[in-house]
Amino acid sequence: MTAELTDQFALTEAERALLPTDDEVAQYAAHGWYLSRKLFTDSEIDALVEATERFYAGHTDRRLPLRPPNLAYWTPEKGDVQRHNDYIHYESDEVAAILRKPLLGAVAARLAQADEIRVWQSTLIFKPPRPEEASNQVPWHMDRHYWQTCASERMLTAFIPFHDCDERMGTITMVDGSHAWTEVPGDDSTRHFAQRDRAELEELLAANAAHNGAEVRKVPMIIPKGHVSFHHCRTYHGSGANLADVPRRAVSLHLQDGDNRFRPFLKPDGTPVFYNHDVLVRRTEDGLPDYADQNYCPTLWRK
Ligand SMILES: O=C(O)CCC(=O)C(=O)O
Ligand SMILES: [Fe+2]
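Below or above, wherever it landed, is the structure these notes cover. Since the model is a prediction, treat every value here as computed from it, not as a measurement. (Residues numbered from 1 in each chain as written. Chains lettered and ligands numbered in written order. Predicted model: local features only at pLDDT ≥ 70, side-chain atom pairs only at ≥ 80, totals over all residues. Heavy atoms only, no water.)

Scanning the chain from terminus to terminus reveals seven helices and 11 strands. The C-alpha atoms of the chain give 19 Å as radius of gyration, which agrees with the globular expectation for 303 residues (19 Å, within 12%). With the C-alpha coordinates aligned to their principal axes, the bounding extent of the chain is approximately 65 × 50 × 45 Å. A burial count over the chain gives 53% of its 303 residues as buried. (Helix = DSSP H or I, 4+ residues; strand = E, 2+ residues; numbered from the N terminus. Rg over C-alpha atoms; globule rule 2.2 N^0.38 Å. Buried < 20%, exposed > 50% of the residue type's maximum accessible area, 1.4 Å probe, protein only.)

The following block contains the structure:
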């Protein structure tokens, strides 16, 4: 074959300069979070605002073929609460095209020390400037708890705000080093934070810190527009109210390494755990949900 194959995941030299350094990869491994360089241009971010406004106004390029059991999906009749819309990378081609920038996957691959990064989930988030609205507070949690059907311990999340994002806006806040903690046994941690009591989760964080002889050091991520905050799937994080006078807009892009596979997982009471993908993705040869199904879990970057 003489035709040259262009590598769809190749980075330009300018992009390679934006990857985390070896030191930064080591910092991520030690602390469980990383604030990136400017990975998206202002016009890419502005395009996300426009595309997601069209989405909120009712535009989708495709809809999920069925409604999975634990879907977060804001619709206008829910009113001026915090909006969460899962599978935004599936429903909006414009959003997907921007989020699937190979540079983003390459940064995640360095952090996770993986040869391949696929999308796991993406959630479009809109936090209205209403400090009194309780749904705007995100209680302390680790994402791993919601992904117990995943074999991987290296999954991570890219939090991508659509503007400068600071404490006043209720930015995402990390509990430094908490990804390395062991857990107090006995809690049914698979229940989503939206279905749990905030004070109970606050206590659970304190109990887990004490269990590890650790202090709770909270690090608000001050994220300039175009930069991305990454956190390990076991890093505790949360966020407070939006005290600004404009909405806080973001996508949480949850990522899996190429080796991630389905694993069966039982709750403490013996009932099996499901992830929403399990009713959507194709099956592997063994009849298990295939977390490499490119329809739902497209590859972002491969070595
Ligand atoms: O919206 C937030 O501040 C937190 C989002 C979150 O939990 C995540 O990105 O995993
Ligand atoms: Fe989270």
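Neighbouring ligand 1 are 13 residues; H141, H237, S239, R248 and S252 lie closest to it. One of the side-chain nitrogen or oxygen atoms of H141 is found 3.0 Å away from an oxygen atom of ligand 1. At 2.6 Å, a side-chain N or O of R248 approaches an oxygen atom of ligand 1. Per-element tally for the shell around ligand 1: the top contributor is strand 10 (residues 248–257), with three residues. By residue class, the composition of the shell around ligand 1 is four nonpolar, seven polar and two charged. (Near = heavy atom within 4 Å. Polar contact = N/O pair within 3.5 Å; in protein donor to acceptor, adjacent residues only side chain to side chain. Nonpolar A, V, L, I, M, F, W, Y, C, P; charged D, E, K, R; others polar.)

Moving on, we come to the coordination of the iron ion (ligand 2). Note on the iron ion (ligand 2): its protein donors are H141 (NE2), D143 (OD) and H237 (NE2). The metal-donor distances range over 2.1 Å. The sequence pattern formed by the donor residues of the iron ion (ligand 2) is H-x1-D-x93-H. You can see D143 sitting in the loop between strand 4 (138–141) and strand 5 (156–161) and its partner H237 sitting in strand 9 (residues 237–239), a full 94 residues away along the chain. Grouping residues by exposure puts D143 and H237 together as buried. (Donors = N, O, S within 2.8 Å, 3.2 Å for Na, K, Ca; no water.)

If you walk across this open sheet you meet the four strands as 4-9-6-7, and the pairing is antiparallel. Each edge of the open sheet carries a strand with a single partner, namely strand 4 and strand 7 (218–220). On average, each strand axis in the sheet is inclined to that of its neighbour by 20°, with strand direction left out of account. One ladder, built from two bridges, connects strand 6 (residues 173–175) with strand 9; its direction is antiparallel. Among the inter-strand pairings, T173 is bridged to a residue of strand 9, identified as G238. Of the strands in this sheet, strand 4, strand 6 and strand 7 are in contact with helix 7 (residues 198–211), which crosses strand 4 at around 30°. (Pairing = 2+ DSSP bridges. Axes fitted to C-alpha atoms, helices over the stretch in contact; angles between N-to-C directions. Contact = heavy atoms within 4.5 Å.)

Our focus in this paragraph is unusual backbone geometry. The phi dihedral of Y87 falls on the positive side, at around 60°, and the residue is not glycine. Tracing the sequence through the fold places Y87 in the loop between strand 2 (83–86) and helix 4 (88–91). A positive phi is found at Q113, a non-glycine position, where the angle reads about 55°. Turning to its location among the elements, Q113 is positioned in the loop between helix 6 (102–112) and strand 3 (116–127). Q113 gets classed as exposed once you look at its relative accessible area, which sits at 56%.

This part is about the environment of H89. Along the chain, H89 turns up in helix 4. Sequence separation between H89 and V119 is 30 residues; the distance between their C-alpha atoms is 8.8 Å. Once residues lying within four places of it in the same chain are set aside, the contact partners of H89 are A96, V119, Q121, S122, Y296 and P298. Here S122 takes part through its side chain, which lies 2.6 Å from a polar atom of the side chain of H89.

In a regular helix each residue adds 1.5 Å, so 15 residues correspond to 21 Å; helix 3 (residues 42–56) covers 21 Å between its end C-alpha atoms and thus fits that length. For helix 3, every residue scored as buried is listed here: I45, L48, A51, T52, F55 and Y56. The buried side chains of helix 3 occupy one side of the element, clustering within an arc of 140° when seen end-on. Residues of helix 3 that are buried in the fold lie against strand 2, helix 4, helix 5 (93–99), strand 3, strand 5 and strand 10. Once helix 3 finishes, G58 follows within two positions and takes phi at roughly 115°, a positive value. (Expected span 1.5 Å × (residues − 1). Arc of directions from axis to C-beta.)

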